[in-house]
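Remarks on the overall topology
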Amino acid sequence: MNQLLKIRKMSTASVPLSALRMKYMEKKEAFLEENIRVKEPINLFNEWMSQAMQTEGILEPNAASLATVNSKGCPSNRFVLLKDVTTDGFTFFTNYGSRKANDIENNNNVAMTLYWCPLRRSVRIEGTAEKIPKEDSLKYFHERPRASQIGALASEQSSRIPSRQHLDQIEKKIKQDLGDDKEVPLPNWGGYLIRPRLIEFWQGQTDRLHDRIVFRKHAGVEKEVDNVLIHPAENGWVYERLAP
Ligand SMILES: Cc1cc2nc3c(=O)[nH]c(=O)nc-3n(C[C@H](O)[C@H](O)[C@H](O)COP(=O)(O)O)c2cc1C
């Protein structure tokens, strides 16, 4: 690691990005099918997330890149914070008038990727996004710090604004109107649940022969099981290994 930092500090201008090399997992730490205690991806995700949460250096283990497509089929992505994981799927919160929300309104197919660097692990999720019940959004909204609630109310996410000052003025006005104790009303904001149909677990190996185990779930998928390339898993999932 020190070596790596030394190279980076030499001169960012003269060090080509192609020279950056990270040490990944050794052969003996390979991610094998027999290491998956319960052959079910939500369970495995929770195990990996819990290890990420306990790993020093991972400051926001729930930061995830969310990809959507617009009405012209053009993709875009941005980070969001994953706030809940259940057997139904993965929940994040956002403004329902934002660019991502408009994309989802038009096409609810989304993809999400997480990367936990010191663990050299990544998870890819593909599925469909749907709004969670309003009362669940409301409950979570009021669990957030008051300043964040006011911030969400002040910002029509993804809309054009003339300046930073404009935002500060709106925030100030809301604070004046609400005083110290009036409840912050729920803005056009809430959660989306991503119901997954594919979850890939990737672990990087130093020799670049990385491990990739993919779980898939859709109607009739169990008929694809051949116990050679496609294996049965729990709760209607199947799993397979992909070449890196
Ligand atoms: C680490 C990180 C976490 C973020 N978490 C959220 C989030 O949970 N919800 C959200 O709406 N925006 C979040 N943002 C901001 C988004 O990346 C993005 O700027 C914003 O949602 C507007 O995206 P859009 O215009 O594509 O809708 C986060 C940004 C970062 C860097």
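Residues numbered from 1 in each chain as written. Predicted model: local features only at pLDDT ≥ 70, side-chain atom pairs only at ≥ 80, totals over all residues.

An unreviewed UniProt entry lists the chain under the name pyridoxal 5'-phosphate synthase, from Stomoxys calcitrans. The UniProt entry for the chain carries the following text under Function (unreviewed entry): "Catalyzes the oxidation of either pyridoxine 5'-phosphate (PNP) or pyridoxamine 5'-phosphate (PMP) into pyridoxal 5'-phosphate (PLP)." What UniProt records for the chain under Subunit (unreviewed entry) is the sentence "Homodimer." (UniProt positions renumbered as here; feature names shortened; annotations may be inferred.)

1. Looking at the site of the ligand
With respect to spatial proximity, 16 residues lie near the ligand, and among them Phe79, Thr94, Ser98, Arg99 and Lys100 are the closest. Put simply, the parts of the chain that give the shell around the ligand at least two residues each are strand S2 (75–86), strand S3 (89–95) and helix H3 (99–106). When residues of the shell around the ligand are assigned to their parent elements, the largest contribution, 5 residues, is made by S2. Of the residues assigned to the shell around the ligand, the class counts are 6 nonpolar, 6 polar and 4 charged. (Near = placed C-beta within 6 Å. Helix = DSSP H or I, 4+ residues; strand = E, 2+ residues; numbered from the N terminus. Nonpolar A, V, L, I, M, F, W, Y, C, P; charged D, E, K, R; others polar.)

2. Let's talk about the UniProt feature "domain: Pyridoxine 5'-phosphate oxidase dimerisation C-terminal" (unreviewed entry) in the chain
Those places that UniProt annotates as "domain: Pyridoxine 5'-phosphate oxidase dimerisation C-terminal" (unreviewed entry) correspond, in this numbering, to residues 189–244. End C-alpha atoms of residues 189–244 are separated by 39 Å, and the span's content is 0% helix alongside 48% strand.

3. A short note on the pairing of S2
Two strands pair when backbone bridges link them, and strand S1 (residues 63–69) and S2 are joined in this way by 7 bridges, in the antiparallel orientation. Residue pairing across strands places leucine 66 opposite arginine 78, the latter belonging to S2. The hairpin formed by S1 and S2 contains 5 residues between the paired strands, and glycine 73 there has a positive phi angle of roughly 85°. Note: S2 against S3, 4 bridges, orientation antiparallel. (Pairing = 2+ DSSP bridges.)

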